[in-house]
Amino acid sequence: MSGELYVYGIVDSRCGLAIAGRGMAGGSLQLLAWHEIGAVVSSGGSFPLRYETEHVLHHERVLERLMKGHSVLPCRFDLRLRDEEEVAALLQGKYAAFRANLRRVADTQEWCVRALWDPEELAAWEELSPHGSSERINVDVSDSPDGGAAYLLRKCQAWRREALLHDFAETLIEAVHEPLQRHAQESLTRKCLSERLILAAAYLVPRCRAAEFVACFRRQRLAFAHLQFLLSGPWPPSSFIDEELRGPLMVT
Amino acid sequence: MFNESTIHGERLEDFAAEMERIAKPRARRINADPERAEQGLAKLVLTLIELLRQLLERQAVRRVEAGSLSADEVERLGLTLMKLEAKMEELKSLFGLHDQDLNLNLGPFGDLL
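How each quantity is defined
- Residues numbered from 1 in each chain as written.
- Chains lettered and ligands numbered in written order.
- Predicted model: local features only at pLDDT ≥ 70, side-chain atom pairs only at ≥ 80, totals over all residues.
- Helix = DSSP H or I, 4+ residues; strand = E, 2+ residues; numbered from the N terminus.
- Buried ≥ 20, exposed ≤ 12 C-beta atoms within 10 Å, placed from the backbone.
- Contact = placed C-beta atoms within 7 Å.
- Expected span 1.5 Å × (residues − 1).
- Arc of directions from axis to C-beta.
- Core = buried A, V, L, I, M, F, W, Y, C linked by C-beta atoms within 7 Å.

Asker: Before we move on, can you summarise the overall build of chain B with the specific residues and values?
Answerer: Across its full length, chain B carries three helices and one strand. From first element to last, N terminus to C terminus, chain B shows the α and β order β-α-α-α. Across the 113 residues in chain B, those meeting the buried criterion constitute 11%. For chain B, the share of sequence-separated contacts (at least 6 apart) that also reach a separation of at least 24 residues comes to 57%.

Asker: Explain helix α1 (residues 53-69) of chain A to me, and be specific about the residues and the numbers.
Answerer: Residues three or four positions apart in an α-helix share a direction because the helix packs 3.6 residues into each turn. All names here are of chain A. Its 17 residues place the ends of α1 26 Å apart at the C-alpha level, agreeing with the 24 Å of an ideal helix rising 1.5 Å per residue. Three or more residues of α1 are buried, namely His59, Val62, Leu63, Arg65, Leu66 and Met67. Of the surrounding elements, those touching the buried residues of α1 are β1 (5-12), β2 (29-34), β3 (37-42), β4 (72-81) and β8 (228-235).

Asker: Give me the lowdown on helix α6 (residues 210-223) of chain A, citing residues and values where you can.
Answerer: All names here are of chain A. Here α6 spans 20 Å end to end across 14 residues, near enough to the 20 Å set by a 1.5 Å rise per residue. Regarding α6, the residues found buried are Phe213, Phe217, Gln220 and Arg221. Relative to the axis of α6, the buried residues are bounded by an arc of 100° and lie together on one face. In α6, the exposed positions angled more than 90 degrees off the buried face are occupied by Ala211, Ala215, Arg218, Arg219, Leu222 and Ala223. For α6, the elements touching its buried residues are β5 (108-116), α5 (148-181), β7 (197-206) and β8.

Asker: Before we move on, could you go through the nonpolar core and cite the residues and values that matter?
Answerer: Residues and elements named next belong to chain A. Counting residues in each nonpolar core, the largest one holds 25 residues, and the members touching the most others are Val7, Tyr8, Ile10, Ala39, Val40, Val41 and Leu66. Of all the secondary-structure elements, those providing two or more residues to this core are β1, β2, β3, α1 and β4. At six residues, β1 tops the list of elements feeding residues into this core. Ranked by size, the runner-up nonpolar core spans 22 residues in total, among them Trp117, Leu199, Phe229 and Leu230.

Asker: Give me unusual backbone geometry: which residues, what numbers.
Answerer: Residue and element names in this part refer to chain A. The omega torsion across glycine 233 and proline 234 is -5°, close enough to zero to call that bond cis. Mapped onto the elements, proline 234 comes out in strand β8. Backbone geometry places histidine 35, a non-glycine residue, at a positive phi of 50°. Mapped onto the elements, histidine 35 comes out in the loop between β2 and β3. Notably, aspartate 107 is not glycine yet its phi reads approximately 55°, a positive angle. Position of aspartate 107 relative to the elements: it lies in the loop between α3 (95-104) and β5. In this structure aspartate 107 comes out as exposed when scored by C-beta crowding, with 10 C-beta atoms within 10 Å.

Here is the structure:
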């Protein structure tokens, strides 16, 4: 038996714990409260020395069940604390930050949208882009294909291609992301993570608007049929937790 | 896979492959192991040099595109940058580093490179 406590997430404790069941090591889920916030933990068993995929899924399932009845700040996988005193110290030490973040994500869900495109489309896009079409590099490299001028020409082409990709991503974000973000309380976008993954966005969506958000995504998917889309959610709002709480404590 | 969450998308394997491809190493800290302190320090120094090299390269590209350089100047500038890139490769190899190792996470500002 281990005295350690496995921590799943931080919730508003004023309504008690809305779910029951077993935790990671077989112990019951319980809420350890400090004033208006609480940590959802489980205890009572020996934690495995080596985790399997099933343990990660179990952690996620507990969080998803918690989401049904609470606004939750998801803790990272395998956050274990020594005993109740250490949990209380954590809640006390980060009380203001936890409360502020719980207010921020109250009654919301996180939805993620990713978009892939075929880089071959770049040729068509180039015709429309101010970065493309006109050949601005007047360098003859036919005599020395391995020389300095040829090297610079290759670099020019690479930078130009990257600029084109960013132009395209900007246009795409404007067209795809704008309607979606109207249904969200907050959003985060990352563009051009690779030549194919042109958009990765997270949306903090009020629960009451989740159906509208998904319907909007379906419309966008039809409107931009040349792109591949992925929508996933609802997730605990891990992307919208302040930097102060991330890293060793919360999901990043 | 999960109880309530839903995933809507076309070919999931395409997204999985792309995410895996761009996944970066988790640890981007200086290696404090005394046995490998040299590599940790080299990683930091080479990251800063790579930043400067990329800035130089961008500036050179701008000048070439602007047409303000003679053919001879373009050739010499290109050779200089080419040698600089080759030297960087040599140093990375010497310290057992790869392109993805040369970066610094600046927290909310993202990655340096």
